Amino acid sequence: MNRRKHTPIYVAGGCFFALLMALSLLLRRADRAPAHRTLADIRREGTLRALTDGSSTGAARGRDGLWHGFQYEILKRFADSLGVQLAVTPVDDLPRCIGELTAGHYDLVATYLPPTTQWAYAVDYTRPLLLSRQMLVQRADTVTGRGTVTRQSQLAGDTVCIPRGSPHLMRLRHLSDEIADTIHIIGMEYTNPEKLAAAVAEGRIKHTIVHEQLARKLAREHRNLDTSLPVSLEMPCCWAVDKQSPDLLAELDAFLDRFVGSLEYWRLYREYY
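As the structure is a computational prediction, the values presented were derived from the model and not from experiment.

**What to know about the sheet that holds strand β11 (residues 208-211)**
Within a sheet, neighbouring strands are paired by backbone hydrogen bonds and run either parallel or antiparallel to one another.
Turning to step 1, where the next piece is worked out: With antiparallel pairing, the three strands of this open sheet are ordered in space as β11-β8-β12. Looking along the sheet, the strands with just one partner apiece sit at the ends: β11 and β12 (225-230). Between one strand axis and the next, the sheet turns through 40° on average, direction left out of account.
Turning to step 2, where the next piece is worked out: Of the pairings in the sheet, the one linking strand β8 (residues 134-139) to β11 comprises four bridges and is antiparallel in character. The partner of Leu136 across the bridge, within β11, is Ile209.
Turning to step 3, where the next piece is worked out: Strands in contact with helix α7 (residues 212-221) are β8, β11 and β12; relative to β11, the strand with the most contacts, it is inclined by about 110°.

In structure tokens:
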């Protein structure tokens, strides 16, 4: 009889204990979750953490074992202006980069992003690093030296491969609406536009999209490529900072205002493009 009377007390006590354990576990996880660093945090800890793509214009290791790349070089100068070290991580997966940024694991994403609504819910865009159009990459005919697609409307029913989550996705969808026909878009994982252009040159895929400056560089490196057809108007190319980092955004914008268009900027531009 007494045992029955005490049973509700035991059950309530057990539930209360389980609730305390669950709360403790959640607090521990919250303690381990990285906080979004302020500009003061970055300066105090002495390191700027950045993500970019693993290409010759993002960040890639050269034969000397050192990092090279147009965006890496600008990142390095920004880190120097803050008096901190640069820790750069190349990741060829834009959705993952945005996720890592908004989770607080990194301070900025330094890869070319047009300031569209695609990621505007999660990030703030910086001042533009350059203006560019999006260009179709295709194999050139051996006789004419031009691609078979000479008008945007000829992409109707055709296939274009781009990196997964690429900003080019939105433009291709709009173009599909404009020509009133389907453009089959394939999002490729763990790759970047430079690698996909090489795949076009090798005949492994048919088409891809790259920004205009890279298109000219690729056409010099792969003589069998045609990159002459634009699929967009000229758009600004920006970097991304988490919305919880307004002080970092302001400092980075001030740096880009000073640096973009300077003699040093154009020296780097000519070196990489």
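**Some remarks on the packing of aromatic side chains**
Turning to step 1, where the next piece is worked out: All told, the structure shown has twelve aromatic pairs when counted by the stated rule.
Turning to step 2, where the next piece is worked out: Measuring from centroid to centroid gives 5.1 Å for Trp266 and Tyr269, while their planes differ by 70°, and the two rings are edge-to-face. Here Trp266 and its partner Tyr269 are both found in helix α9 (residues 263-272), three residues apart, which amounts to about one turn of the helix.
Turning to step 3, where the next piece is worked out: Here Trp266 falls in the partly exposed class, since its relative accessible area comes to 37%.

**Concerning the pattern of salt bridges**
Turning to step 1, where the next piece is worked out: Under the definition given, this model contains 23 salt bridges.
Turning to step 2, where the next piece is worked out: The closest approach of N and O atoms between Asp93 and Arg164, which form a salt bridge, is 2.8 Å. One end of the pair, Asp93, is in the loop between β4 (85-90) and α4 (94-102); the other, Arg164, is in the loop between β9 (159-163) and α5 (168-178), with 71 residues separating them in the sequence.
Turning to step 3, where the next piece is worked out: A relative accessible area of 5% places Asp93 in the buried class.
Turning to step 4, where the next piece is worked out: Three or more residues are tied together by salt bridges with common partners; here these are Glu73, Arg77, Glu264, Arg267 and Glu271.

**As for the nonpolar core**
Turning to step 1, where the next piece is worked out: In terms of nonpolar packing, the biggest core is built from 34 residues, with Phe70, Ile74 and Leu108 touching the most fellow members.
Turning to step 2, where the next piece is worked out: Elements represented by at least two residues in this core include exactly α2 (39-45), β1 (47-52), α3 (70-82), β4, β5 (108-113), β13 (235-242), α8 (246-259) and α9.
Turning to step 3, where the next piece is worked out: If you tally residues by element for this core, the top one is α3, at seven residues.
Turning to step 4, where the next piece is worked out: With residues up to four places along the chain from it excluded, the contact list for Ile74 reads Leu129, Trp239, Phe255, Leu256, Phe259, Tyr265 and Leu268.

Reading the values: rules and limits
- Residues numbered from 1 in each chain as written.
- Predicted model: local features only at pLDDT ≥ 70, side-chain atom pairs only at ≥ 80, totals over all residues.
- Heavy atoms only, no water.
- Pairing = 2+ DSSP bridges.
- Helix = DSSP H or I, 4+ residues; strand = E, 2+ residues; numbered from the N terminus.
- Axes fitted to C-alpha atoms, helices over the stretch in contact; angles between N-to-C directions.
- Contact = heavy atoms within 4.5 Å.
- Phe/Tyr/Trp six-rings, centres within 6.5 Å; stacked < 30°, edge-to-face > 60°.
- Buried < 20%, exposed > 50% of the residue type's maximum accessible area, 1.4 Å probe, protein only.
- Salt bridge = Lys/Arg side-chain N within 4 Å of Asp/Glu carboxyl O.
- Core = buried A, V, L, I, M, F, W, Y, C linked by side-chain atoms within 4.5 Å.

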